[in-house]
Amino acid sequence: LAKTTQPISMDSYEGQEVNITCSHNNIATNDYITWYQQFPSQGPRFIIQGYKTKVTNEVASLFIPADRKSSTLSLPRVSLSDTAVYYCLVGDMGNAGNMLTFGGGTRLMVKP
Amino acid sequence: ETGVTQTPRHLVMGMTNKKSLKCEQHLGHNAMYWYKQSAKKPLELMFVYNFKEQTENNSVPSRFSPECPNSSHLFLHLHTLQPEDSALYLCASSHEGTGDGGYTFGSGTRLTVV
């Protein structure tokens, strides 16, 4: 299973772009990279998923270099409501038996 | 609303009680999961069900007993729990075989064992 490493916490201000990087040096060929957002006392919420290069949706962008050993979640123009814990998850989502494991996540604090 | 519904949202139970947590999804997913999240700890995977069959039991004590009657419903039966079992219990589902979309989580059940 690909182990992930993320910063424990980050601070930002409203309106800024936030980039959170995740390291996953032993990512496997079939592994996808998925990012989740979690607010207190709620379940994690899917943000974005990618395999290589760049993926963009209405809330975020995901940048994956050619070697796929890391990935960067980019949140444009954050607001106070983006204060949450962000998890990077790496694994083969096509196989439920792979027992994908969440790491400690990155606690993002957005200040006014 | 995520499409994965968990009930109850909050539960307080004594150590000698028996209770059940319920999870329901109507997303057409074929894999369902129970996770435990204790205070300031990462999510811990407890059980995996794939097409109603339990494929993984991540060394969970027998006082937790899962049940998956069909691909849309998942239960977690609880008995003789300990105070350290107090946590947020999260249910998730996914579509195995496609590799995309990730997990969809419910809002969780906040369990307090007294």
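Residues numbered from 1 in each chain as written. Chains lettered and ligands numbered in written order. Predicted model: local features only at pLDDT ≥ 70, side-chain atom pairs only at ≥ 80, totals over all residues. Heavy atoms only, no water.

**Points about the packing of aromatic side chains**
Enumeration over the complete set of coordinates arrives at 9 aromatic pairs over all chains. Ring geometry for Y33 of chain B and Y103 of chain B: centres 4.6 Å apart, planes at 65 degrees, overall edge-to-face. Placement of the pair is Y33 of chain B in strand β4 (residues 31–37) and Y103 of chain B in the loop between β9 (87–94) and β10 (104–105), with a sequence separation of 70 residues. Judged by relative accessible area, which is 3%, Y103 of chain B ranks as buried. Taken together, the aromatic side chains of Y36 and F46 of chain A together with Y33, Y35, Y103 and F105 of chain B make up a single cluster linked through ring pairs. (Phe/Tyr/Trp six-rings, centres within 6.5 Å; stacked < 30°, edge-to-face > 60°. Helix = DSSP H or I, 4+ residues; strand = E, 2+ residues; numbered from the N terminus. Buried < 20%, exposed > 50% of the residue type's maximum accessible area, 1.4 Å probe, protein only.)

**Some points on the sheet that holds strand β8 (residues 84–91) of chain A**
Residue and element names in this part refer to chain A. Taken in spatial order, the 5 strands of this open sheet run β1-β9-β8-β3-β4, and their pairing is mixed. Of all the strands in the sheet, the pair left with one neighbour each is β1 (9–13) and β4 (45–50). Strand-to-strand, the axes of this sheet are offset by a mean angle of 25 degrees, without reference to chain direction. Bridging between β1 and strand β9 (residues 106–111) involves 5 bridges; their strand directions are parallel. If you follow S12 over to β9, its bridge partner there is V110. (Pairing = 2+ DSSP bridges. Axes fitted to C-alpha atoms, helices over the stretch in contact; angles between N-to-C directions.)

**Structural notes on the environment of D82 of chain A**
For D82 of chain A, the location among the structural elements is in the loop between β7 (70–75) and β8. As a C-alpha pair, D82 of chain A and L108 of chain A span 26 residues in sequence and 7.6 Å in three-dimensional space.

**With respect to the nonpolar core**
One finds W34, F64, L76 and L78 of chain B to be the most contacted residues of the largest nonpolar core, which totals 22 residues. Broken down by secondary-structure element, the contributors of at least two residues to this core are β2 (10–13), β3 (18–25), β4, β5 (44–50), β7 (64–70), β8 (73–79), β9 and β11 (109–113) of chain B. If we ignore the near neighbours within four places in the chain, the residues touching F64 of chain B are M46, F47, L76, H77, L78, L81, D85 and Y89 of chain B. Residues I47, L62, V90 and L108 of chain A belong to the second largest nonpolar core, which totals 20 residues. (Core = buried A, V, L, I, M, F, W, Y, C linked by side-chain atoms within 4.5 Å. Contact = heavy atoms within 4.5 Å.)

No statement about biological role is implied by the geometric values presented.
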